[in-house]
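# Results of the structural survey
Residue strings, one per chain:
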Amino acid sequence: MSDCIFCKIVNKEIPANIVYEDDQILCFHDVSPQAPVHVLLIPKKRIVSMDDVQEEDKELMGHMMVKIKEIAQILGLENGYRVVNNCGEHGMQTVGHIHFHILGKRKMAWPPG
């Protein structure tokens, strides 16, 4: 866990431009944005990927989903936004800590990959 960059951000060992924080989750601006607004939403509890979510995590995961709307409002994403979770090698997950990308302030293309 000591190598997890997101855990270091949660523990305030690495600075981040924080948008939202409560006792369970943290949302901060991505350092390599792929849209005019690009933030990452992470749980403070380390869960490696979507494949590692357990029954005991359903309340935490539900909390994250509910907070996305509030975060989108904070960021002024009134015309819509995209929420992305990359899972595993083929899903292009690059950090072993579950996270959701919230992207907005431009029209998204489809297909995404």
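So, here is what we can say about the structure in this document. (Residues numbered from 1 in each chain as written. Predicted model: local features only at pLDDT ≥ 70, side-chain atom pairs only at ≥ 80, totals over all residues. Heavy atoms only, no water.)

### Describing unusual backbone geometry
With an omega of 5°, the peptide bond running from Trp110 to Pro111 counts as cis. One can find Pro111 in the segment after strand E5 (100-104). Its identity is not glycine, yet Lys12 carries a phi of approximately 65°, on the positive side. Mapping Lys12 onto the fold places it in the loop between helix H1 (5-10) and strand E1 (18-21). The phi angle at Lys105 is positive, at roughly 75°, despite the residue not being glycine. One can find Lys105 in the segment after E5. Under the relative-accessibility criterion, Lys105 is labelled partly exposed at 43%. (Helix = DSSP H or I, 4+ residues; strand = E, 2+ residues; numbered from the N terminus. Buried < 20%, exposed > 50% of the residue type's maximum accessible area, 1.4 Å probe, protein only.)

### Description of the nonpolar core
Formed by 19 residues in total, the largest nonpolar core has its most connected members in Cys27, Val39, Leu41, Ile71, Leu75 and Ile102. When residues of this core are traced back to their parent elements, those giving at least two are E1, strand E2 (25-29), strand E3 (37-43), helix H2 (58-74) and E5. Ranked by residues supplied to this core, first place goes to H2 with 6 residues. Not counting residues within four places of it along the chain, the set of residues in contact with Ile71 comprises Val19, Tyr20, Cys27, Val39, Leu41 and Ile102. Counting residues in hydrophobic clusters, the runner-up holds 10 residues, among them Cys7, Ile9, Ile42 and Val95. (Core = buried A, V, L, I, M, F, W, Y, C linked by side-chain atoms within 4.5 Å. Contact = heavy atoms within 4.5 Å.)

### Quick word on the sheet that holds E5
Across the sheet, 5 strands lie side by side as E1-E2-E3-E5-E4; this open sheet has antiparallel pairing. The outermost strands of the open sheet, each flanked by one partner alone, are E1 and strand E4 (81-84). Across the sheet, the axes of successive neighbouring strands diverge by a mean angle of 20°, strand direction being ignored. Pairing of E4 with E5 involves 4 bridges; the strand directions are antiparallel. The residue bridging Arg82 from the neighbouring strand is Leu103, located in E5. The sheet contacts of H2 involve E1, E2, E3, E4 and E5, and relative to E3 the element is tilted by about 155°. (Pairing = 2+ DSSP bridges. Axes fitted to C-alpha atoms, helices over the stretch in contact; angles between N-to-C directions.)

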